[in-house]
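Per-entry structural report
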Amino acid sequence: LVQAYRYHEFLGELMKSYISISVAGTHGKTTTTGLLAHVMDHVSPTGYLIGDGNGVMKDDGQYFVVESCEYKRHFLAYQPDYAIITNIELDHVDYYRDMEDYLDAFQTFANQVKKGIVLFGDDPYLAQMQVTSNHLYYGLNENNDVRAMNVEEDKNGMRFDIMYHNEFFGHFDLPFVGKPLLWNSIGVIAVGILSGLTAEQLQTGLVTFPGVKRRFTTEVNGENIYIDDYAHHPTAVKYMIEAAKTKYPNKKVIAIFKPDRFSRIEAFLDRFGEELNQADEAYICDFPENAQREEGVVVTID
C-alpha cells in the first residue's frame, strides 16, 4: 500500500528532517526565501524550496528554507523551527471570506513556530497579532526589536544601520533598490540574529545575493532595459514601478501587466488601475489561456 501526500502535507513531513525556516506573508515570500537561503548557506549547508517548485537540497544540508503559502491554509501543515512573516494584506479572495478569516490563518501559523519567529512590525496587522511563540519585530519604526536607521538609497543601492534592542548591531551596504528589498533584508537580518549570526556574516551573504527568477530580473538591449517581475497584486505593482524609477531615474517606465486570477482582478480592479497609472505608459494583456475563472466572477477590462 502506497501512502499518497499532497504537496504541502509531504513538505511538512520533509521539513522535520532539517532546521526549517518558513517564509510567509502576502508579499515578498519568493525573494525573501531566496535571500535567506543564500545568506544561511554562507554559514552552513542550506537548501530551499520556492512555491513554483524551484529549489535545491544539498547532501549535507542542515537548514531548509521554505516559501510557505497561505493559500487554502496550506502553510498550517508546517511546524518550522523559525519563520518570517513579511506582511499581511488580503489576498486569495477566492478562498478567504474576509480579512478576519485571512488573519486567523496567519495567527494560527505564527503560534505553531517552534523556536522563533520574526514579524514585520511596521505592518499594522502584524503589530497587533497575538503571538505566543518566541518572536522579534523588525522594520523601520522605533518600537521594533530589530530596526534599520540612517537609511539611504539611490540607483546604486541602499545603506543603513541596524539596531538590536536599541544597541548598534552593524552597518549594511547592499546593491538593492526598492522598499520591499529593504524590508526583506531587515527580516533576514532578524532571523540571522535569532540564529546567532554576526553582522559581518550577514553582510557577506546579503551583498552577494544574485536574485531569484521573475523578481526584478533585468535584461539590457541597447538603450532599453527589460524587467521581469511577478507583481500580481496592486501593492506589488506599486513597489515594482517605484523600484524601476529609483534604479533607472532617467528612463521612461512602460508597464505591461498580465493578470493571473479573475477573482484577484475583480477584488482589486480600481487599485490595479491606480498603481499602473504611476508608470509613464501602461498596457494590459488578456488572461493566460490556463487561467481559472472562479465561479461567479465576471471581469471586464476596457
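Moving on, we come to the packing of helix α7 (residues 234-247) against helix α8 (residues 262-276). With their axes 9 Å apart at the nearest point, α7 and α8 run at an angle of 5 degrees to one another. Judged on the interaxial angle alone, α8 and α7 are roughly parallel. Residues Pro234, Thr235, Val237, Lys238 and Ile241 of α7 form the contact with α8, whose own contacting residues are Phe268, Arg271, Phe272, Glu275 and Leu276. Within the contact of α7 with α8, the residues separate by chemical class into six nonpolar, one polar and three charged.

All right, on to the confidence of the model for the chain then. With 93% of its residues at a pLDDT of 70 or more, the chain has an overall mean of 87. Taken element by element, the predicted model of the chain shows its lowest mean pLDDT in α8 (78) and its highest in strand β5 (residues 82-85) (97). Within the model, the stretch residues 297-302 combines pLDDT values under 50 with 13 contacts to residues more than four positions away or in other chains.

A surface patch of nonpolar side chains, amounting to about 290 Å² of accessible area, comprises Tyr5, Phe10 and Leu14. Secondary-structure assignment places Tyr5 in the segment before α1 (7-14). The exposure class assigned to Tyr5 is partly exposed, which follows from its relative accessible area of 47%.

Considering all chains together, one arrives at twelve salt bridges under this definition. Between Lys16 and Glu13 there is a salt bridge, and its shortest N-O distance comes to 3.1 Å. Here Glu13 falls in the partly exposed class, since its relative accessible area comes to 39%. Sharing partners across several salt bridges, the network here consists of Arg73, Arg97, Asp101 and Asp104.

Our next topic: the packing of aromatic side chains. Counted according to the given criterion, the structure contains 13 aromatic pairs. Measuring from centroid to centroid gives 4.7 Å for Tyr95 and Tyr96, while their planes differ by 85 degrees, and the two rings are edge-to-face. Since its relative accessible area comes to 3%, Tyr96 is described here as buried. With a centroid separation of 5.5 Å and an interplanar angle of 35 degrees, the aromatic rings of Phe120 and Tyr138 are classed as tilted. In this pair, Phe120 sits in strand β6 (residues 116-120) while Tyr138 sits in strand β7 (residues 135-139), placing the two residues 18 residues apart along the sequence. The same class applies to Phe120 as to Tyr138, namely buried. An aromatic cluster is defined as three or more aromatic residues linked by ring pairs; in this entry it consists of Tyr71, Phe75, Tyr95, Tyr96, Tyr102, Phe106 and Phe109.

A word on the nonpolar core. Membership of the largest hydrophobic core comes to 62 residues, with the highest contact counts inside it found for Leu36, Ile85, Phe160 and Phe172. Counting residues per element, this core draws most heavily on helix α5 (residues 179-194), at eight residues. When residues no more than four places from it in sequence are discounted, the contact partners of Phe172 are Met158, Arg159, Phe160, Ile162, Ile189, Ala199, Leu202, Gln203 and Leu206.

Those residues of helix α6 (residues 199-207) not exposed but buried are Ala199, Leu202, Gln203, Gly205 and Leu206. Tucked into the core, α6 has its buried residues touching α2 (29-41), β10 (167-174) and α5.

So, about α7. Here α7 contains 14 residues, and its C-alpha end-to-end distance of 20 Å stays within 8% of the 20 Å for a straight helix at 1.5 Å per residue. Here α7 has its buried residues at Pro234, Thr235, Val237, Tyr239, Met240, Ile241, Ala243 and Ala244. Its buried side turned inward, α7 meets α5, β12 (224-228), β13 (254-257) and α8.

Packing of α2 against α6 brings their axes to within 8 Å, and their N-to-C directions diverge by 125 degrees. Judged by the inter-axis angle, α2 sits oblique to α6. For α2 against α6, the interelement crossing comes out right-handed. Contacts between α2 and α6 involve Leu35, His38 and Val39 from the former and Leu202, Gly205 and Leu206 from the latter. Along the lines of polarity and charge, the residues of the contact of α2 with α6 split into four nonpolar, two polar and no charged.

For the rest of this paragraph, the subject is the pairing of strand β4 (residues 63-67). In terms of residue burial, β4 counts as a mostly covered element, since five of its five residues are buried. Note: strand β1 (residues 19-24) against β4, five bridges, orientation parallel. Across the sheet, the residue bridging to Ile19 is Tyr63, located in β4. Pairing of strand β2 (residues 46-49) with β4 involves four bridges; the strand directions are parallel. Residue pairing across strands places Gly47 opposite Phe64, the latter belonging to β4.

Spatially, ten strands are ordered β3-β2-β4-β1-β5-β6-β7-β8-β9-β10 in an open sheet, and the strand pairing comes out mixed. The open sheet terminates on both sides in strands that have one partner only, identified here as β3 (55-56) and β10. In this sheet, strand β8 (residues 146-154) lies alongside β7 in parallel orientation, the contact comprising two bridges. When the sheet's bridge partners are listed, Tyr138 is paired in β8 with Val146. Sitting on the sheet, helix α3 (residues 99-110) touches β1, β5 and β6, and the angle it makes with β5 is about 155 degrees.

Criteria and thresholds
- Residues numbered from 1 in each chain as written.
- Predicted model: local features only at pLDDT ≥ 70, side-chain atom pairs only at ≥ 80, totals over all residues.
- Heavy atoms only, no water.
- Axes fitted to C-alpha atoms, helices over the stretch in contact; angles between N-to-C directions.
- Helix = DSSP H or I, 4+ residues; strand = E, 2+ residues; numbered from the N terminus.
- Parallel < 35°, antiparallel > 145°, perpendicular 65-115°, else oblique.
- Contact = heavy atoms within 4.5 Å.
- Nonpolar A, V, L, I, M, F, W, Y, C, P; charged D, E, K, R; others polar.
- pLDDT = per-residue confidence, 0-100.
- Patch = residues over 30% accessible without salt bridge, like charges linked within 9 Å, V, L, I, M, F, W, Y side chains within 5 Å.
- Areas by Shrake-Rupley, 256 points an atom, 1.4 Å probe, with all protein chains shown as cover.
- Salt bridge = Lys/Arg side-chain N within 4 Å of Asp/Glu carboxyl O.
- Buried < 20%, exposed > 50% of the residue type's maximum accessible area, 1.4 Å probe, protein only.
- Phe/Tyr/Trp six-rings, centres within 6.5 Å; stacked < 30°, edge-to-face > 60°.
- Core = buried A, V, L, I, M, F, W, Y, C linked by side-chain atoms within 4.5 Å.
- Expected span 1.5 Å × (residues − 1).
- Left-handed = near helix turned anticlockwise from the far one by under 90°.
- Pairing = 2+ DSSP bridges.

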